[in-house]
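Remarks on the overall topology
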Amino acid sequence: MSHARHIRVGGIVQGVGFRPFVWRLAHELELRGWVRNDSEGVEISAEGPAARLDALIARLASDAPPLARIDSITAREVRPAGHAEFAIAASVASRCATAIGPDTATCPACLEELFDPHDRRWRHALITCTHCGPRYTIAFGLPYDRARTSMAGFAMCADCAREYRDPADRRFHAEPVACPACGPRLRFLDRDGADVGAAADAGRGLPASTDPIARSLECLRGGGIVAIKGLGGYHLACDARNPRAVAALRARKARDAKPFALMVANAASLDGIARADGAARRWLESPERPIVLVPKDPAADGVLPGIADGLDHLGVMLPATPIQWLLFHEAAGRPSGTAWLAAPSPEVWVMTSANPGGEPLVIDDADALRRLGGIADAYLLHDRPIAVRCDDSVRFGSEAPRFLRRARGYTPEAIRLPAAGPPVLALGAGLKTTVCVTRGDEAFLSQHVGDLDDAASIAFLEECARHLCALLDVEPQRVAHDLHPDFPSTRLALQFAADRGATAIAVGHHHAHVAAVAAEHRWSDPLLGLALDGVGLGPDGEAWGGELLEVTGATCRRLGHLATLPLPGGDRAAREPWRVAAGALHRLGRGAEIPTRFARQRAARGVGELLERDLRCPATSSAGRWFDAAAALLGVAETAGYEAQPAMRLEALARRYGTVSPAPLWRIGPAGRLDLLPLLETLADWRGTPEHGAALFHATFAAALCALAIDAAAVHRRNAIALCGGCLCNGVLREALSRGLAAAGLEVLHAERAPPNDGAISLGQAWVALATGRN
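Because the structure is predicted, anything quoted here is derived from the model rather than measured. (Residues numbered from 1 in each chain as written. Predicted model: local features only at pLDDT ≥ 70, side-chain atom pairs only at ≥ 80, totals over all residues. Heavy atoms only, no water.)

**Brief notes about the overall build of the protein chain**
Put simply, the rule reads: Secondary structure counts use DSSP, requiring at least four H or I residues in a row for a helix and at least two E residues in a row for a strand, with both numbered from the N terminus. Using a 1.4 Å probe on the protein chains alone, a residue whose accessible area is under 20% of its type maximum counts as buried, one over 50% counts as exposed, and one in between counts as partly exposed. Should any heavy atoms of two residues lie within 4.5 Å, those residues are considered in contact. Each accessible area is a Shrake-Rupley result for a 1.4 Å probe, and residues are judged covered by the shown protein chains and nothing else. Lys and Arg are tallied as positive, Asp and Glu as negative. Neither His nor the chain termini are counted. Charge placement uses NZ in Lys and CZ in Arg. For Asp and Glu, CG and CD serve respectively.
The secondary structure content of the protein chain amounts to 23 helices and 30 strands. Taking all 775 residues of the protein chain together, 60% fall into the buried category. Looking at the protein chain alone, contacts between residues at least 24 apart form 72% of all its contacts between residues at least 6 apart. Per element, the accessible surface of the protein chain, about 27800 Å² overall, is 51% carbon and sulfur. Taking the average location of the 85 positive side-chain charges in the protein chain and that of its 88 negative ones, the two points are 1 Å from each other.

Written out as structure tokens, the structure reads:
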């Protein structure tokens, strides 16, 4: 007896080979009907024996393609329509309820073809299939069909069209599918933008003088800087082993000290540079291909000077695109096959984002020539447009998932929320900004937008918000923003809400930090949170940053905080840690020491006078500024070349020293005021090594925060706590807090699917906006 089922599959099921997978499965089970994409995901009509229909439904989840993510499968019995065969039907466009997958690295099957001289896609620089390549960065809208991608302008040749139409082929409806005969072309331009070489197959039959890949490698090996077009934007690359090339890149990009990310061919190539354990290697080799932070080898600074001075970790990634693979292939002498992929390669390249001056990533070819003209010596580009800029993700190489920046490879994967609600748009804060859009019980976190310091970055934030809303077919009813009235994100949110008649909701910065962790853990009960960061405006109008909070959805209560430190000169103190240390000395009654202790700073005497007269010395409870004060008092860093540099150096020194017992150098006063001035006084008189002092600071700082939180948990009868804020990027602090709180019986929640820093603020804002009115 024939039965029929109408089946719906939700999740990341478009652009990942799901329809041909269903087609093959239905043919194997001898079922009839059809499968198609629509704006809710994948829709299936299947007819056949009941047992085979049950098997189909079970295997939709158990045997799904590698890039698919199944969130839901629903099925209902319907009347058989008498289908004669099983087919893939045309997509149906309607109101969107599905999602598109993120970009992924070139898959093993494509690599086999890429390096096979007898394959028609040998050295094809944009090879892809349903299991790999661009998705999010080429999509203009859903359903995810070629006409709605940046490949729409490339007509398929007969061979590609045959593969595209064949459900049994790996490239069936692979929207970016192309080949050397019909696909985008690779080009090499010199520093003046002159076209030196062009090819669709990265050098098939071309002399080295005009082969774009060969010319790029020649430039890199000669000490040049090459701008390379990738999936979501351009990179700037140079030979990391060449100190002059690295120094030139730093000078031209105006990036004095901030560490550079590196690219190597494989994990084996890290020997003598970095130590990647099993967990780090899994992240490095994952389809998402993030930059992974791994411990330096002791010899690293000698062979890679100027890459990450003063730090104990390196940011490393493996090739994610065919172009990147082809550069290593060229360097290896163009071997046939894939055996060479596992062999160590001596090539180590800086691979840093092409975003001069901290502006948004360059994605347009003409814009690249204009904006990178004073930086790049050459350009390696292709003519497939980038629809959406998307930077590299950065994560820690630990077993547990920990992001520093969530972008390419992960955006726009949904984060399931504790409950559904009206659609929300959240626009983050002012630094490390992201956008978050909710739809039902899902939150979609955008790629990294960055710091909103210039008009271009603010425009990118607006562009990102509009694109994500359009891609998800969402019209926000609530628009969430930070409490700070002067943030560009706040002004944009208020304007966006006014234009659409939506409700604007202001969310406290540190409330949002804790709420972000609650959201990703689907936590609806009251939750304690330690929010430790550089700065954020509190509801009282003061500068917060070292907070113990109790959060229940849209409500937030301050239970404790770090004692405040004065910031002589205001925001300038965040860039000059010696000023924060001077403020601490003043609080200790040792202001007279400031001019001599910081004699190298011309403003030292004037800062002492500001503190004495209490002029331009706003106070802050920021945890980040306590780290700054410790770094300056220990002589680790009096100034900062980039955000968090003193704290990162302090962390590296503490890790080098190892474990040390905390000292009872704190006091907890009324209203949970945690004062660590006794700790800073000990550091001001420190006679030991900076490593020992840094270890003592970390251990004591963590122990004091644990004491504050454990007392509050007992008083308020709470059994769980979230750890969040940018200071939780510090592994030494994170581990010490986790151990201490867990030992007291508290369940410790960490940021896992979003970063602990301000990159998660929009997620927390969105969850608070959703919860508004429920409490």
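Moving on from the coordinates now.
**Here's the deal with helix 12 (residues 488-500)**
The cut-off we apply is this: Take the number of residues in a helix, subtract one, and multiply by 1.5 Å to get its expected span.
Between its first and last C-alpha, helix 12 extends 18 Å over 13 residues, near the 18 Å set by a 1.5 Å rise per residue. Of the surrounding secondary structure, the elements contacted by the buried residues of helix 12 are strand 18 (424-426), helix 11 (455-472), strand 20 (478-482) and strand 21 (503-507). Within two residues after helix 12, G501 carries a phi angle of roughly 70 degrees, on the positive side.

**Quick notes on the sheet that holds strand 18**
For clarity, the cut-off: The rule for pairing is simple: two strands pair if DSSP sees at least two bridges between them. Helix axes are fitted only over the stretch in contact, all axes being lines through C-alpha atoms; the angle between N-to-C directions runs from 0 to 180 degrees.
One open sheet accounts for five strands, arranged 17-19-18-20-21; its pairing is mixed. Where the open sheet ends on each side, the last strands, each with one partner, are strand 17 (414-421) and strand 21. This sheet shows a mean twist of 30 degrees between the axes of neighbouring strands, independent of strand direction. Bridge count for strand 18 against strand 19 (residues 436-445) is two bridges, and the pairing is antiparallel. Each bridged residue has a counterpart across the sheet, and for L425 the counterpart in strand 19 is V437. Set on the sheet, helix 12 makes contact with strand 18, strand 20 and strand 21; between it and strand 20 the angle comes to about 165 degrees. Its contacts with the sheet put helix 23 (residues 761-771) on strand 17, strand 18, strand 19, strand 20 and strand 21, and the angle it makes with strand 19 is roughly 150 degrees.

**Here we look at the environment of L327**
Structurally, L327 is set in helix 9 (residues 322-331). Here L327 falls in the buried class, since its relative accessible area comes to 1%. Counting along the chain gives 412 residues from L327 to R739, while the straight-line C-alpha distance between them is 45 Å. Apart from the residues lying within four places of it in its own chain, the contact partners of L327 are I213, S216, L217, I228, W349 and L380.

**Some words on helix 11**
Because an α-helix packs 3.6 residues into every turn, residues spaced three or four apart end up facing the same way. The test is simple: For this analysis, a polar contact is any N or O atom pair within 3.5 Å, provided that within protein one partner can donate a hydrogen and the other can accept it, and provided that sequence-adjacent residues contribute only side-chain to side-chain pairs.
In a regular helix each residue adds 1.5 Å, so 18 residues correspond to 26 Å; helix 11 covers 26 Å between its end C-alpha atoms and thus fits that length. Those residues of helix 11 that sit buried are S457, F460, L461, C464, A465, H467, L468, C469, L471 and L472. Contacts from the buried residues of helix 11 go to strand 18, strand 19 and helix 12. Two to three positions downstream of the cap, the backbone nitrogen of A456 sits 3.2 Å from a side-chain oxygen, assigning the N-cap of helix 11 to D454. Just past helix 11, the residue D473 takes up positive phi, approximately 55 degrees.

**Description of the pattern of salt bridges**
What counts, and what does not: One speaks of a salt bridge when a side-chain nitrogen belonging to Lys or Arg is within 4 Å of a carboxyl oxygen belonging to Asp or Glu.
Within this structure, the stated rule accounts for 59 salt bridges. D211 serves as the salt-bridge partner of R334, at 2.5 Å between the closest nitrogen and oxygen. On the criterion of sequence distance, the pair formed by R334 in the loop between helix 9 and strand 13 (349-353) and D211 in the loop between strand 7 (195-199) and helix 5 (212-221) is long-range, its members being 123 residues apart. Looking at R334, the relative accessible area reads 25%, which means it is partly exposed. Via salt bridges that share partners, R69, D71, R416, R439, D441 and E442 belong to a single interconnected network.

**Looking at the environment of L472**
For L472, the position within the fold is in helix 11. Given the relative accessible area of 3%, L472 is considered buried. Through-space distance from the C-alpha of L472 to that of E542 is 37 Å; in sequence the pair is 70 residues apart.

**Regarding the packing of helix 11 against helix 12**
Angle between the axes and distance between the axes: these two values describe a pair of packed helices. What counts is decided by this rule: Oblique is the label for any angle not covered by the other classes, which are roughly parallel (under 35 degrees), roughly antiparallel (over 145) and roughly perpendicular (65 to 115). Note: crossing handedness is left-handed where the near helix turns anticlockwise from the far helix by less than a right angle, and right-handed where it turns clockwise. Residue type decides the class: Asp, Glu, Lys and Arg count as charged, Ala, Val, Leu, Ile, Met, Phe, Trp, Tyr, Cys and Pro as nonpolar, and the leftover types, Gly among them, as polar.
Look at helix 11 against helix 12: their axes get within 10 Å of each other, and the N-to-C directions meet at 40 degrees. If you check the angle between helix 11 and helix 12, you find them oblique. Viewed along their axes, helix 11 and helix 12 form a crossing whose handedness is right-handed. Residue-level contacts link I458, L461, E462 and R466 of helix 11 to P488, S489, L492 and R500 of helix 12. Here the residues of the contact of helix 11 with helix 12 are counted per class, giving four nonpolar, one polar and three charged.

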